[in-house]
Amino acid sequence: MSLIHDIFMPFWHLLTQPLFEINSSKITVLKIVFSALIFVFGFYVGAFYKTNIKKVTQNISSINSTTRTIFSNLGYYAIIVIAFLLALNVLGINLSSIGLVAGALSVGIGFGLQNIVSNFMSGIILMFERSIKIGDYIELSEDLKGHVTGINMRSTTINTNSNIDVIVPNQNFIQNNVINWTMNDEIRRFQMPFGVAYGTKPELVIDVIKEAVKNSGFEDIVDTPSRHTRVIMTGMGNSSVDFELFVWLKGSEILYPKRTTSRFLILIYNALYENNIEIPFPQQDLHIKSVDDSLDFQLKIDKTKSL
């Protein structure tokens with residue numbers, strides 16, 4: 001027994017020996033170990049909560065995916081904060097002095113952490129505002145479109161049509177314009193410009209294209225009194241009379257704009273071709289008028305030299 005006491009006491013003395021003081025609180029190795037264990041345990045509890053709260057609420061029809069994300073993320077961060085406060089309490093640090101620490105951190109936030117805080121607050125706004133939800137198809141730029149697969153406190157994940165996951169900071173959704181293609185419904189108007197040669201009657205072009213769209217057999221075309229197919233003349237260019245086809249579409253095909261546009265451009269081309277309506281293309285003619293034979297000869301000489 002004495003031998004165990006002789007071995008254990010020095011080790012215990014090492015664990016309880018004060019290393020330094022914070023606000024008159026003596027910090028020992030034992031306190032640091034306990035605090036670290038509490039903090040790590042808090043992370044595990046938070047991760048367990050975040051994973052299982054989604055499973056528990058998945059079968060509740062009144063709770064959608066966005067609400068589940070809010071519950072899981074807020075609960076997770078709340079557990080982390082509680083674990084952090086408990087760890088400080090075990091260390092013996094007076095929680096009333098956290099205001100001093102917060103004041104010191106505010107200086108760092110002003111210089112280096114403003115983007116993190118901005119993204120964090122933007123994530124909370126997105127979750128409660130619900131202008132962007134998981135499953136929505138959004139467009140941030142011409143080259144960045146896709147489905148929202150995850151909304152976190154710092155960033156949002158977008159899965160593009162090429163199956164590439166793009167991590168976008170949340171503040172981009174608050175500060176910049178965002179196009180939500182599926183916010184209220186899956187109906188969108190597509191615009192396809194095209195041109196025909198001069199000498200073609202505009203009324204004929206309009207009738208041909210509208211008839212082609214009507215007989216296309218495309219089941220995703222919307223035709224209602226307020227949303228129906230239109231063909232309008234938009235201008236008279238240098239080499240073509242310009243038109244534009246407006247057509248309303250519904251369903252999942254609107255999420256593939258290039259593929260959908262290609263389908264209607266092929267329809268327009270075939271309809272014009274079948275009705276012998278010429279599609280113009282840019283061309284330039286060069287005319288050289290000589291004043292006399294000597295000038296014509298000089299031009300030939302210069303041309304030969306240039307070759």
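Enquirer: So what exactly am I meant to see when it comes to the overall build of the protein chain here?
Expert: Of the regular secondary structure elements, the protein chain holds eight helices and eleven strands. Looking at the protein chain as a whole, 30% of its 307 residues are labelled buried. Across the protein chain, every contact between residues at least 6 apart in sequence was considered, and the portion connecting residues at least 24 apart equals 60%. In the structure as shown, the protein chain presents an accessible area of about 20500 Å², 60% of it carried by carbon and sulfur atoms.

Enquirer: Which parts of the structure should I look at to understand the nonpolar core?
Expert: One recurring pattern in soluble globular proteins is that nonpolar side chains are buried together. Residues Phe194, Val196, Ile209, Leu245, Val247 and Phe264 are the most contacted members of the largest nonpolar core, which totals 26 residues. The set of elements that each furnish at least two residues to this core consists of strand E8 (187–196), helix H6 (202–214), strand E11 (241–250) and helix H7 (257–274). Every residue in contact with Val196, bar those within four places of it in the chain, is listed here: Val205, Ser240, Val241, Phe243, Leu272, Ile277, Glu278 and Pro280. In this structure, Met127, Ile138, Val148 and Met153 belong to the second largest nonpolar core, which totals twelve residues.

Enquirer: What is the right way to look at the packing of aromatic side chains in this model?
Expert: Any aromatic ring pair is given by two values, namely how distant the centres are and how the planes are angled relative to each other. Inspection of the entire model under this criterion finds seven aromatic pairs. Geometrically, the ring pair formed by Tyr137 and Trp181 is edge-to-face, given 5.3 Å between the ring centres and 65° between the ring planes. On the criterion of sequence distance, the pair formed by Tyr137 in strand E3 (residues 137–141) and Trp181 in the loop between strand E7 (179–180) and E8 is long-range, its members being 44 residues apart. By relative accessible area, Tyr137 is classed as buried at 0%. When the centroid spacing of 5.3 Å and the interplanar angle of 75° are considered together, the rings of Phe218 and Phe264 count as edge-to-face. Of this pair, Phe218 sits in the loop between H6 and strand E9 (221–222) while Phe264 is found in helix H7, placing the two residues 46 residues apart along the sequence. Taken together, the ring pairs in this structure connect Phe39, Phe43 and Phe84 into an aromatic cluster. In this structure, Arg188 packs its charged tip against the face of Phe190, placed 4.7 Å from the ring centre.

Enquirer: Looking at this structure, I do not really get unusual backbone geometry. What am I missing?
Expert: Across the chain, the bulk of peptide bonds are trans and the bulk of non-glycine residues have phi less than zero. Unusually for a residue other than glycine, Asn163 sits at a positive phi of about 60°. We classify Asn163 as exposed; its relative accessible area is 62%. A positive phi angle is found at Asn276, which is not glycine, with a value near 55°.

Enquirer: Would you explain the environment of Met233 in this entry?
Expert: Inspection of the secondary structure puts Met233 in strand E10 (residues 230–236). Given the relative accessible area of 38%, Met233 is considered partly exposed. With 40 residues separating them in the primary sequence, Met233 and Pro193 have C-alpha atoms 9.6 Å apart. Apart from the residues within four sequence positions on either side, Met233 is in contact with Pro202, Val241, Asp242 and Phe243.

Enquirer: Looking at this structure, how should I read the sheet that holds strand E6 (residues 165–169)?
Expert: Here five strands make up an open sheet; going across it, the order is E6-E5-E4-E3-E7 and the pairing antiparallel. Each edge of the open sheet is held by one strand with a lone partner, namely E6 and E7. In this structure, E3 lies alongside strand E4 (residues 144–151), joined through four bridges in antiparallel fashion. Along E4, the bridge assignment pairs Tyr137 with His147.

Enquirer: For this particular structure, what's the right way to read helix H2 (residues 29–57)?
Expert: For an α-helix, 3.6 residues make a turn, and residues three or four places apart therefore share a direction. The end-to-end C-alpha separation of H2 is 42 Å, in line with the 42 Å expected for 29 residues at 1.5 Å each. Taken residue by residue, H2 has Ser35, Gly42, Gly46, Ile53 and Thr57 as its buried positions.

Enquirer: What is the right way to read the confidence of the model for the protein chain from this model?
Expert: Predicted coordinates in regions of low pLDDT should not be interpreted in detail. When pLDDT is averaged along the protein chain, the result is 78, and 73% of the positions lie at 70 or above. In this model residues 301–307 is a low-confidence stretch, pLDDT under 50, and it forms zero contacts with partners more than four residues away in sequence or in other chains.

Enquirer: Would you explain a nonpolar patch on the surface in this entry?
Expert: On the surface, a nonpolar cluster with roughly 340 Å² of combined accessible area is contributed by Val33, Phe34, Leu37 and Val90. Following the sequence through the fold, Leu37 ends up in helix H2.

Enquirer: Would you explain the pattern of salt bridges in this entry?
Expert: Counted according to the given criterion, the structure contains four salt bridges. A salt bridge links Asp220 to Arg263, with the shortest nitrogen-to-oxygen separation between them at 2.9 Å. Of this pair, Asp220 sits in the loop between H6 and E9 while Arg263 sits in helix H7; the two residues are 43 residues apart in sequence, bridging distant segments of the chain.

Enquirer: Sorry, what's going on with the environment of Leu272 here?
Expert: Counting through the fold element by element, Leu272 comes out in helix H7. Residue class for Leu272 comes out buried when judged on its relative accessible area of 2%. A sequence separation of 60 residues divides Leu272 from Ala212, and the C-alpha atoms of the two residues are 9.5 Å apart. In this structure Leu272 touches Phe194, Val196, Ile209, Ile277 and Ile279, once residues within four positions along its chain are discounted.

Conventions we followed
Residues numbered from 1 in each chain as written. Predicted model: local features only at pLDDT ≥ 70, side-chain atom pairs only at ≥ 80, totals over all residues. Heavy atoms only, no water. Helix = DSSP H or I, 4+ residues; strand = E, 2+ residues; numbered from the N terminus. Buried < 20%, exposed > 50% of the residue type's maximum accessible area, 1.4 Å probe, protein only. Contact = heavy atoms within 4.5 Å. Areas by Shrake-Rupley, 256 points an atom, 1.4 Å probe, with all protein chains shown as cover. Core = buried A, V, L, I, M, F, W, Y, C linked by side-chain atoms within 4.5 Å. Phe/Tyr/Trp six-rings, centres within 6.5 Å; stacked < 30°, edge-to-face > 60°. Lys NZ or Arg CZ within 6 Å of the ring centre and 35° of its normal. Pairing = 2+ DSSP bridges. Expected span 1.5 Å × (residues − 1). pLDDT = per-residue confidence, 0-100. Patch = residues over 30% accessible without salt bridge, like charges linked within 9 Å, V, L, I, M, F, W, Y side chains within 5 Å. Salt bridge = Lys/Arg side-chain N within 4 Å of Asp/Glu carboxyl O.

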